[in-house]
Amino acid sequence: MDIGALLSAEGVVLRSGLTSKRQVLQAMAEAAGSAYGLDVARVQSGLMEREALGSTALGSGVAVPHARIAGLDRVCAVFLKLDAPVAFGALDDRPVDLLLGLFADPSDGAGHLRALASASRALRSGDLREQLRRARDVDAVYALLLRQAAPKAA
């Protein structure tokens, strides 16, 4: 499973002016609502509940907030790139500016875990993170995320 299979172009959002984790999670819920027709309040509630268990920040300015949303027929994702990093409780104390939100039905535990592992693997790449930070529009960010998912030449 790769990010490209989970993400639609409508799920990539560049945001400015967000100053708190709550605002970031609200923006993520709105992006999921817009891209996949999900109930924004349910998504935000799910994201907040998960963050209450512990930060989903991975370090290096990256977070992977996720929530279980009943009724989804597949795992889906949204990607937020922030113009200014926001404190997210990361172990390395770095604020986050790159966030991949993942959403899965509560019954799809295996798919949810595969998506989390794939996102973590992809966003561990310093090169990809730097390219995402340099990208100036949604199309460029989406292309980078799709390209990282493409099969590597042998």
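In this report, the structure presented in the accompanying data block is examined.

Cut-offs used in this document
- Residues numbered from 1 in each chain as written.
- Predicted model: local features only at pLDDT ≥ 70, side-chain atom pairs only at ≥ 80, totals over all residues.
- Heavy atoms only, no water.
- Helix = DSSP H or I, 4+ residues; strand = E, 2+ residues; numbered from the N terminus.
- Buried < 20%, exposed > 50% of the residue type's maximum accessible area, 1.4 Å probe, protein only.
- Contact = heavy atoms within 4.5 Å.
- Lys, Arg positive; Asp, Glu negative; His and termini not counted.
- Charge placed at Lys NZ, Arg CZ, Asp CG, Glu CD.
- Phe/Tyr/Trp six-rings, centres within 6.5 Å; stacked < 30°, edge-to-face > 60°.
- Lys NZ or Arg CZ within 6 Å of the ring centre and 35° of its normal.
- Salt bridge = Lys/Arg side-chain N within 4 Å of Asp/Glu carboxyl O.
- Polar contact = N/O pair within 3.5 Å; in protein donor to acceptor, adjacent residues only side chain to side chain.
- Axes fitted to C-alpha atoms, helices over the stretch in contact; angles between N-to-C directions.
- Parallel < 35°, antiparallel > 145°, perpendicular 65-115°, else oblique.
- Left-handed = near helix turned anticlockwise from the far one by under 90°.
- Nonpolar A, V, L, I, M, F, W, Y, C, P; charged D, E, K, R; others polar.
- Core = buried A, V, L, I, M, F, W, Y, C linked by side-chain atoms within 4.5 Å.

Focus: the overall build of the chain
Right, so step 1: Per the secondary structure count, the chain includes 6 helices and 6 strands.
Right, so step 2: Going from the N terminus to the C terminus, the chain shows its helices and strands as α-β-α-α-β-β-β-β-β-α-α-α.
Right, so step 3: Projected onto its principal axes, the C-alpha coordinates of the chain cover approximately 40 × 35 × 25 Å.
Right, so step 4: Among the 154 residues that make up the chain, the fraction classed as buried is 49%.
Right, so step 5: Look at the contacts in the chain between residues 6 or more apart in sequence, and 71% of them connect residues 24 or more apart.
Right, so step 6: Computed over 18 positive and 17 negative side-chain charges, the separation of the two mean positions in the chain equals 5 Å.

Considering the packing of aromatic side chains
Right, so step 1: The final tally for this structure, using the stated rule, is 0 aromatic pairs.
Right, so step 2: The positively charged end of Lys-21 is found above the aromatic ring belonging to Phe-88, 4.8 Å away from the centroid.

Concerning the side chain of Lys-81
Right, so step 1: Tracing the backbone through its elements, the reader meets Lys-81 in strand S5 (residues 76–86).
Right, so step 2: Of the side chains bearing the opposite charge, Asp-97 lies closest to the buried Lys-81, which forms no salt bridge; the N-O distance is 7.4 Å.
Right, so step 3: There is a polar contact of 2.3 Å between the side chain of Lys-81 and the backbone oxygen of Ala-135.
Right, so step 4: Apart from the residues within four sequence positions on either side, Lys-81 is in contact with Val-13, Leu-14, Arg-15, Asp-97, Leu-98, Leu-132, Arg-133, Arg-134, Ala-135, Arg-136 and Val-141.

Considering the packing of helix H2 (residues 21–36) against helix H3 (residues 40–53)
Right, so step 1: It is the contact of H2 with H3, at a shortest axis distance of 8 Å, that shows an interaxial angle of 140 degrees. Judged by the inter-axis angle, H2 sits oblique to H3. Both H2 and H3 take part in a crossing whose hand is right-handed. Residues Lys-21, Arg-22, Leu-25, Gln-26, Met-28, Ala-29, Glu-30, Ala-32 and Gly-33 of H2 pack against Val-40, Val-43, Gln-44, Leu-47, Met-48 and Glu-51 of H3.
Right, so step 2: The residue inventory of the contact of H2 with H3, partitioned by class, reads 8 nonpolar, 3 polar and 4 charged.

Considerations on the nonpolar core
Right, so step 1: Val-24, Val-43, Val-78, Leu-80, Phe-88, Leu-99 and Phe-103 are the most contacted members of the largest nonpolar core, which has 29 residues in total.
Right, so step 2: Elements that contribute at least two residues to this core include exactly H2, H3, S5 and strand S6 (96–104).
Right, so step 3: In terms of residues, this core owes the most to one element, H2, which gives 9 residues.
Right, so step 4: With near-sequence residues (within four places) excluded, Val-78 lies in contact with Leu-7, Gly-11, Met-28, Ala-31, Ala-32, Tyr-36, Leu-99, Leu-100, Gly-101 and Phe-103.
Right, so step 5: Among the nonpolar cores identified, the runner-up in size contains 24 residues, and Ala-77, Leu-100, Leu-116 and Leu-128 belong to it.

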